[in-house]
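# Summary of the model geometry
Listed below, chain by chain, are the residues.
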Amino acid sequence: MKTAPYGDMCFHRVFRRASIPMLIFCLFAQTVSAQGLLRDADLEYGLKQLAAPVLTAAGLSPSRVKILVVDDSSLNAFVISTDAIFLHYGLINRMSNAAMLQGVIAHEAAHIANGHLTRRMNNLASARTAAGFGIALAAVAAAAGGGEAGAGVLLGTQSSAINRFLRHTRAEEASADQSAVRFMRSAGINPAGMSQVLQLFRGQELLAETRQDPYTRSHPLSRDRIRALEGYVAAYGDAPVDNSAADYWFERVKGKLSAYTRAPKWTLRRLNESPYQDVRLLREAIAEHRQSRTKQALAAIDKAIALRPNDPFYHDQRGQILFETRNFSAAAAAYGRAVQLAPNDALILSGYGRALLVEDNISKARQVLEKARTIDFRDGTMLRDLSVAYAKSGQRGMASVVTAERYALTGRLKDAAIHAKRAVDLLPEGSGPWQRAQDVLIASERAAKRR
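Keep in mind the model is a prediction, meaning the values are calculated, not measured.

## Some remarks on the overall build of the chain
Looking only at helices and strands, the chain has 24 helices and five strands in total. Considering the chain as a whole, with its 451 residues, one finds that 58% of them fall into the buried category. Split by element, the accessible area of the chain, about 18000 Å² in all, is 48% carbon and sulfur.

## Considering helix α16 (residues 294-307)
For α16, spanning 14 residues, the distance from its first C-alpha to its last is 20 Å, which sits close to the expected 20 Å at 1.5 Å a residue. Among the residues of α16, those classed as buried are A297, L298, A300, I301, A304 and I305. Along the long axis of α16, the arc covered by the buried residues comes to 160°, so they all point the same way. Seen from the buried face of α16, the exposed residues on the opposite side, beyond 90 degrees, are K295, K303 and A306. Next to the buried residues of α16 lie α15 (277-290) and α17 (312-324).

## A word on helix α20 (residues 362-375)
Side chains that are three or four residues apart share a direction in an α-helix, a result of its 3.6 residues per turn. With 14 residues, α20 ought to run about 20 Å at 1.5 Å a step, and its terminal C-alpha atoms sit 20 Å apart, in line with that. Among all positions in α20, only I362, A365, V368, L369, E370, A372 and R373 are buried.

## Looking at the environment of M398
Mapping M398 onto the fold places it in helix α22 (residues 396-409). A residue is classified by how much of its surface remains accessible, and M398, at 12% relative accessible area, is buried. Each C-alpha atom of the pair M398 and V388 lies 9.9 Å from the other, and the pair is 10 residues apart in sequence. If near-sequence neighbours (up to four positions away) are discounted, M398 is found in contact with Y390, L427, P433 and R436.

## A closer look at the nonpolar core
If you look at the biggest cluster of nonpolar residues, it comprises 115 residues, and the most contacted ones within it are L47, I85, L87 and L101. Each residue touching L47, except ones within four places of it in the same chain, is listed here: I67, V69, L87, I92, L101 and V253. Counting residues in hydrophobic clusters, the runner-up holds seven residues, among them L37, L68, V70 and F86.

## Description of the packing of aromatic side chains
One pass over the structure, following the stated rule, counts six aromatic pairs. With a centroid separation of 5.2 Å and 70° between ring planes, the pair formed by Y45 and W249 is classed as edge-to-face. With Y45 in helix α2 (residues 41-57) and W249 in helix α13 (residues 244-261), this residue pair connects regions lying 204 residues apart in the sequence. On the accessibility criterion, Y45 (32% relative accessible area) is partly exposed. Residue classification places W249 among the buried positions, given a relative accessible area of 12%. Here a set of aromatic residues connected by ring pairs shows up, and it is made of Y45, Y248, W249, Y276 and F313.

## Section: the packing of α2 against helix α4 (residues 98-113)
Contact pair α2 / α4: the axes reach a minimum separation of 9 Å and the direction vectors enclose 55°. Taken together, α2 and α4 sit at an angle that is classed as oblique. Crossing geometry of α2 relative to α4 is assigned as right-handed. For the pair α2 and α4, the contacting residues are L47, L50, A51, P53, V54 and L55 in the first and A98, L101, Q102, I105, A106 and A109 in the second.

## A short note on the packing of α2 against α13
Packing of α2 against α13 brings their axes to within 9 Å, and their N-to-C directions diverge by 150°. Taken together, α2 and α13 sit at an angle that is classed as roughly antiparallel. When the axes of α2 and α13 are compared, the crossing they make is left-handed. Across from D42, L43, Y45, G46, L47, Q49 and L50 in α2, the residues of α13 making contact are A246, W249, F250, R252, V253, K256 and L257.

## Some points on the layout of surface pockets
Here the largest pocket defines a volume of roughly 420 Å³. Of all elements in the fold, only α2, β3 (66-70) and α19 (346-358) reach the threshold of two or more residues within the lining of the largest pocket. Examining the composition of the lining of the largest pocket, we find that six residues originate from one element, α2, more than from any other. Of the residues that constitute the lining of the largest pocket, the class distribution is 11 nonpolar, two polar and seven charged.

Thresholds applied
Residues numbered from 1 in each chain as written. Predicted model: local features only at pLDDT ≥ 70, side-chain atom pairs only at ≥ 80, totals over all residues. Heavy atoms only, no water. Helix = DSSP H or I, 4+ residues; strand = E, 2+ residues; numbered from the N terminus. Buried < 20%, exposed > 50% of the residue type's maximum accessible area, 1.4 Å probe, protein only. Areas by Shrake-Rupley, 256 points an atom, 1.4 Å probe, with all protein chains shown as cover. Expected span 1.5 Å × (residues − 1). Arc of directions from axis to C-beta. Contact = heavy atoms within 4.5 Å. Core = buried A, V, L, I, M, F, W, Y, C linked by side-chain atoms within 4.5 Å. Phe/Tyr/Trp six-rings, centres within 6.5 Å; stacked < 30°, edge-to-face > 60°. Axes fitted to C-alpha atoms, helices over the stretch in contact; angles between N-to-C directions. Parallel < 35°, antiparallel > 145°, perpendicular 65-115°, else oblique. Left-handed = near helix turned anticlockwise from the far one by under 90°. 1 Å grid on protein atoms, 1.4 Å probe; cavity = no way out; pocket = protein on both sides within 12 Å on 5 of 7 lines; lining within 4 Å. Points joined across faces, edges and corners; volume = space filled by probe spheres on them. Nonpolar A, V, L, I, M, F, W, Y, C, P; charged D, E, K, R; others polar.

Printed below as a string of structure tokens:
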């Protein structure tokens, strides 16, 4: 997991493109201090394994609908488009078992499958080009609770528009609950996990709104809803369910996430809580690395690799530890092995490209980073590195368009426009990169007119 090259908490905090109404962008992009996403290859792969059977049962494509983690410690989950489900890391940390997390995913998938987003999108322009970069940033930031005061100045009420945008009706909640139970049942997952999730929020509606978890505000609870859900679950019965694969990935996702979001000493005291030896070693490596004990961190991750030698994500973790302790040649080798094992994982490619760039292997770094961008352009750190690679190669036009996209991705469309104009002047008219720069330029101009 990555942030800045030498940061303590090593998440990749970036923002994603999605089909979000321009209205949401206009309300929030210039006023909200953005909450990011925690991007990590291992984390997202594990969530994909947990979500795949549920999404398939819902008639959704596991390869199209991503499960993304919001950098927020509060309890919430939401959808704002049909191609992603957002989970706050605080909610994941509170889950006790795989079925609970799969229940949350099933419920959010039901909102997509049941068409609950359509009502919100009516009469609002969607943005599927570069215009969508900053829009998703703004919506995620507001949904995560960031920058409410700034948004309130603009709107006259704190986050009222985004709250209305995210909030489901009780009828929708009942519909999503029933569908989610059906999806879980079809996927062979015990839906009792959904009841356990709602127990976390029982009594929240009696609190003042400022004291409620965001989940309660966006997913209204009621005793009738809880009773209805318990009825759906009871109808399923207590048939034995083999969820062993999901149990492993749940332990790995939660174990890695908690190791990065809780104090290292807390993690080290609780290593034995995980039933899987490789997960214990992964958590130990992260905790030791965060305390700058590199020798111990490498020893732990090497033991994990010995247990799972063909696991690309453990090699990726090793590369990160080496990179962040400035052992760049060894980091490039570790990332290279990870790429051999997972050649189409954009986040692993991003780490490899960064190591190659620091090693001054500019040509190869540019090729690797461009491949990562082609697979998933939502990674701001990768875009920064790619722009540097282009600049060092003397391709100023390409460096400018990638920089423009990076600024657009973080909602800074005024800065994006400056670099997009430069790119338009430098790139061949009508070429693909030239058109990408035009997309950013158009988005920034429209945003400026609406302000």
